[in-house]
Each structure stands twice: as C-alpha cells, then as structure tokens.
Amino acid sequence: MSGQDYEAPSGAFSQRDDATAGSGAMIYRCGDCAVRVPLEKGAPIRCQKCGARVLYKERTKRMVQFEAR
Amino acid sequence: MAARRDSDVAMDDAPTSHQPEVKDDTMVDDEGDDFDENEGEEEEEEVEIQRVKLLPGSTETAASFEFANEGHTLGNALRYVIMRNPDVEFCAYAIPHPSEAKMNVRIQTFEGTTAIEALEKGLRDIQELCDVVTEKFVKAAADFAEKKAATG
Amino acid sequence: MPHKPPTQEELEKRKIVGVNFETVTDVSSTDFPGHYPGEDHAWDIERFKKGFSVEFHQNDPYEASFSLIGCDASIANAFRRIMIADVPTLAIENVFIWNNTSVIQDEVLAHRLGLIPFTGGREGLHEFLKWFEKPAEGEQPNCTDYNTVELSLDIKCEDNDDADSKETDPTKLYHHAHVYAKDIVFKPIGRQEQYFSGENIIRPVNPDILIAKLRPGQQISLTMHMHKGVGSDHAKFSPVATASYRIMPTITITQPILGRDAEKFQKCFPKGVIGLEKVTAKEAAQKGSGYRGHEGELKAVVVDPKRDTVSREVLRHEEFKDKVKLGRRRDHFIYLVESTGQWESDAIFLESVSHLKAKAKSLEQQLVNMVR
C-alpha cells in the first residue's frame, strides 16, 4: 500500500507565532484589554493602552500533545 | 464413563488459565512453518496469533476451550448454537475473571462425535445464521423503502 | 411411547414470558434438543430460515427501528453488543495544541474534540481508511493518508468594531466568541482528496456543536489526527448513540372489560395500546362470551401491544387483576438503532451481522490451526 506519509508534529518549539520582540523586551498580555504589552527590564508594570496594572505572561510556544480521551 | 473420569486432571493440577504456557508451546511449534511461509510470500499475510486453546484435562468428548479476546458477545451466541446440537450433552461458557480478556467454553458430547467437532459445527452454524439474517434484513429494508415510496 | 407433536397453540405458549404483579415466569428459552422428549429441536438452517423474519418500523439515516422475529436472545444480544462496541468509526484521537489561551484547559478541550462525531464519504471511511497501529513506546507513529486524517482548528477572538455600543451579546460584540464544530478544517493528504472532496468532505455531523467560548485576545490553535477505532476501546468510536432492543409485550384480555371499566383500563396503558370498540350484536348473542346483554356498550380491545412499556400498572387494580394476562414474546426483539452519523443506521446493523460472521469464520480457521 503506497500512501503519502506525513509527520506528526514534533515537540520542538513552534515557529508558528511571531517570536518575542528582538530586543530585551518581554511580551505580556494586559489583564483588562488583552493588548500585547512589551516590557523592558525595570519598566513600570502597566499597560500602555489602558493603564491596567495586571499583566499576564504569554503561554508557552511549545506544542503539547494530548490524547482525545 | 469411568474411563472418561480417569483421564480428567485433578483439580489442583489444572491451571485456571493456560494461555501463557500454551503460547510458548505453539511458538515453538509454529516457528518452522512461519519461516517457510514468510520466505515464500514476503510477509504478505500477517501471522495471526493463536486465539483458541484447548485447556488441559480435556478428552475427546469433553473439552474446555479458551478464547483470547472474546467475551459475552461470541460466548453466549456460541453456547446457544452448540446447545442446539443434538450430539452435545452439555455446553456452557464463562468469563473466569473480568479483568482478563478470556472466555472459556466447555463442551461435552455423546459418543460418536468430539467436542472439537461440535465447536466447529457451532462456528459454522453461526456463519450460516448470519447469512440468513443479512438476506432477510436487506429484503425487509428494501420492501419497507418500496412501501414508503408507494404511500408517499 | 408414541409422541404427540405439540399443537400450534402449545408452540405459541412456549414463546411467552409471563409477567405477573411481582414475579416473572418461563424466562429461559426451551428450544433445545432433549428438553421436550420426542421433539426435534436440533439446529437446522432451513427451519431457522422459515421461522425468522425482519420487520421495519422506521428507517431513517439517523434512526432505525425494526423487529427481529424468531431468533434467540443470545443472537439478538450479540448483534446489539457488536453495534455498540465493535463497529469501527473514525474519531479524533490525538490533539497537538500549539496555542490555547481560552479558559478551557488543554486536556478538557482535547477530550471534547474527541467526542465530536464526524462524517464523510462512505466509501473513503469504510473501504479506503485502514486501522492505525499504535506505535510502541518511544517509536515514531506511522501516519499515512490511509490511516490518519488531519484536521485543524485555528481561531482567534477579536473585538467587533461594528457592534452597537449598547450591545451585550458576546457573539455580536466579538468575532468568534463561540468556537463551533464547523470551525474545524479538514486537510486532505495524498489520496484522501479522491475520497473526501465536495459533499464527501470529512466534517462534523452537527456543525453547531459548541467547543469553547472565547473573549477578545484569546485564541485556540491546534491540529488533530483522526484514527479508526472501536467502541470497546473508547465510547467516542461507537457508531451509535443508542442501540437497544425491547422484547415484544403481549396483552391478553381473558374476560370482558366493559363501559367505564374499559375506559379506566385504557388509561392503565400508554396511548394507542388499548382501543375501545362497541360490542356487536353477534357478540352479545353469543352464549358464554360474557357480552350477553351488553350490545352497544364499549369494550376494551388490544390494538398495539408493541407500544406498551409493561409498567404493570393494570395489575395494581383489583378489578382488572384477573381479567388480563401480561407477558412478553421471547423471540421478538424490537431494536432501536440511533446512528451518530458516520454510518447509515441500518448499515450499522448489517455491519454487526457481518462482523459476527467474520468472527466465527476466523475462529473456525483458528480451530483448524489448533488441531493441526
């Protein structure tokens, strides 16, 4: 039986989402308006758009495999 | 009758399940055959694992069979058709333990036939039965569709 | 001793399981050789063929109801069990989550996805697609176009700028606030294009199954692999929502039930089981019929016992207790098969029959091997 093979996605880092900004900035998500907030080291923890002080770290870019059971 | 009883194995000697031991035996037996087949046919046909075993203590006319990976589905249906065989004195099935995927069938026949023959006939009867059910079902479905189309 | 063959009446009586107020009688079948002295009950395919019949009550793609008449419970039950646990279907088995920022946890989301029933081209599903062999621990899976179907779900919730400022409905306030089964995209690979395109595309049976709810900024991005499996492994692989049978109820009115009693009698059963008819002049004239002098009155008659639930309500009433006999026909099975959509419901039953046949056939071969 000949069939076209394809690979299951591997557990390596994903290339799907744009990587965090090139500089030392980390990307956070605003807890209020969900906008992307790049923060430099030592910068005040505050959303530039709405001023909310609760920021969330982004989810890991690692692919996770689950059995649908 | 006495002769038959003599040949039975004492309760302590008979293992409740014989699967692993027999598996080893057949492995040795089959190995020669498998080699020849594989060389000839390039592994076209997958070698099926032996799922039916004859349990120890069995005689010609009174035998217990162990079916791996079978349950009530086949067990009860098989028991029924074997019981319909007039040459069979006794037939029953059991699943000795629910967490082991094994099903046992006990067959005792009258003189003149063997337990293995009775089992074989039972399996053949099921196949014939299935053909009849399919035939009647397909016809009934067609008739029903026709009737529905006619009445709108 | 010469044996008298059983009368037709006797044969009918043997088929009935008695249902009393608190007890049941004659539960087991007796059609075995040696049970009735002098009678031949040996298995005979021709005799089975003569006594066996199938009757359809409903046959729709998602629901079929039919009766098997003249077969044993062990056979009927084998078909029912095979329909539930052994007829294969295609379902989501592996979920590769690239991103999921929704409030629903990865594993819960994966589980929900697995339970969604899918459908597609019948030929592709039943003939072209083959079993997927689970790789051994640490080994790479062998995923190919004939054993794996790939799906993906990429969705992101965003604000809807066109929404009214007073709007409170999240589905209007945001784009993709709800993730539905219809958002899942099938990605054909290799020869799958041939079997699953156009109306044969692999798709959820119901496009409106809610998978998750999102808020602006949240997204779900994942791919899925579907494999063939059977219900005995996981319920998501079962081709049926229900596959069950009832045994045909019987109701025998032994003494006339008339007038107000008849109306009350009717109410002891579900609608349509008992009808009311006028006592005819002929019946009233008949001696010993119990109808004498009751011409024109209403009497209770059994119209459709199939609809009865055998609740035994009627036996709770003193006045009916000795006028009716409830029972069931041991060899009449009323099936109800509800398909989840991957198979036609009647095809599931046919598949179960051929599955049982294949099972018996392979074991017959195994038996031959064993003796050899």
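On a predicted model such as this, the values are computed, not experimentally measured, just so you know. (Residues numbered from 1 in each chain as written. Chains lettered and ligands numbered in written order. Predicted model: local features only at pLDDT ≥ 70, side-chain atom pairs only at ≥ 80, totals over all residues.)

Undergrad: Is there a simple way to think about the overall build of chain C in this case?
TA: A count of helices and strands for chain C gives 10 helices and 18 strands. Scaling as 2.2 N^0.38, a compact globule of 372 residues should have a C-alpha radius of gyration of about 21 Å, whereas chain C reaches 29 Å, well beyond that. A principal-axis box enclosing the C-alpha atoms of chain C has dimensions of 85 × 75 × 35 Å. Long-range contacts, defined as pairs at least 24 residues apart, comprise 74% of the intrachain contacts of chain C with a sequence gap of at least 6. (Helix = DSSP H or I, 4+ residues; strand = E, 2+ residues; numbered from the N terminus. Rg over C-alpha atoms; globule rule 2.2 N^0.38 Å. Contact = placed C-beta atoms within 7 Å.)

Undergrad: Just checking my understanding: could you explain the domain arrangement of chain C for this structure?
TA: Size of an interface, as often reported, equals the accessible area lost when the parts are brought together. Here chain C is partitioned into domain 1 (56-86 + 238-243 + 332-363), domain 2 (89-237) and domain 3 (255-322). On a C-alpha basis, the centroid separation for the pair domain 2 of chain C and domain 3 of chain C is 56 Å. (Domains from an automatic or database assignment.)

Undergrad: Got a minute to help me understand the sheet that holds strand β4 (residues 102-109) of chain B in this structure?
TA: Across a sheet, strands are paired by hydrogen bonds formed along the backbone, either parallel or antiparallel in direction. All names here are of chain B. With antiparallel pairing, four strands are arranged side by side in an open sheet as β1-β2-β4-β3. Only two strands of the sheet have a single partner each, and these edge strands are β1 (52-54) and β3 (88-94). Between one strand axis and the next, the sheet turns through 20 degrees on average, direction left out of account. Of the strand pairs in this sheet, strand β2 (residues 62-68) and β4 are connected by seven bridges, and their pairing is antiparallel. Paired with A63 across the bridge in β4 is I107. (Pairing = 2+ DSSP bridges. Axes fitted to C-alpha atoms, helices over the stretch in contact; angles between N-to-C directions.)

Undergrad: Teacher, can you tell me more about the interface of chain C and chain B here?
TA: Taken residue by residue, the interface counts 39 residues in chain C and 36 residues in chain B. Looking at the side of chain C that touches chain B, the elements that each hand over two or more residues are α2 (45-51), β3 (53-59), α3 (73-85) and α10 (345-371) of chain C. Per-element tally for the side of chain C that touches chain B: the top contributor is α10 of chain C, with 17 residues. Partitioning the side of chain C that touches chain B into residue classes produces 22 nonpolar, eight polar and nine charged. (Nonpolar A, V, L, I, M, F, W, Y, C, P; charged D, E, K, R; others polar.)

Undergrad: Please clarify how the sheet that holds strand β7 (residues 149-156) of chain C should be interpreted in this entry.
TA: Pairing is antiparallel in the open sheet, where five strands are placed in the order β4(A)-β5(C)-β14(C)-β7(C)-β11(C). Each having just a single partner strand, β4 (64-67) of chain A together with β11 (185-187) of chain C make up the two edges of the open sheet. Neighbouring strand axes in the sheet, compared pairwise and without regard to direction, differ in orientation by 25 degrees on average. Relative to strand β14 (residues 219-229) of chain C, β7 of chain C runs antiparallel, the two sharing eight bridges. Paired with L153 of chain C across the strands is L222 of chain C, a residue of β14 of chain C.

Undergrad: Whenever I open this one, unusual backbone geometry confuses me. Can you help?
TA: Excluding glycine, residues mostly carry a negative phi; peptide bonds, for their part, are mostly trans. The phi angle at N69 of chain B is positive, at roughly 60 degrees, despite the residue not being glycine. In this structure, N69 of chain B sits in the loop between β2 and α3 (72-83). Even without a glycine there, the phi angle at V310 of chain C is positive, about 55 degrees. Its location among the elements puts V310 of chain C in the loop between β17 (298-302) and β18 (324-339). Residue V310 of chain C is classed as partly exposed on the basis of its 17 C-beta neighbours within 10 Å. (Buried ≥ 20, exposed ≤ 12 C-beta atoms within 10 Å, placed from the backbone.)

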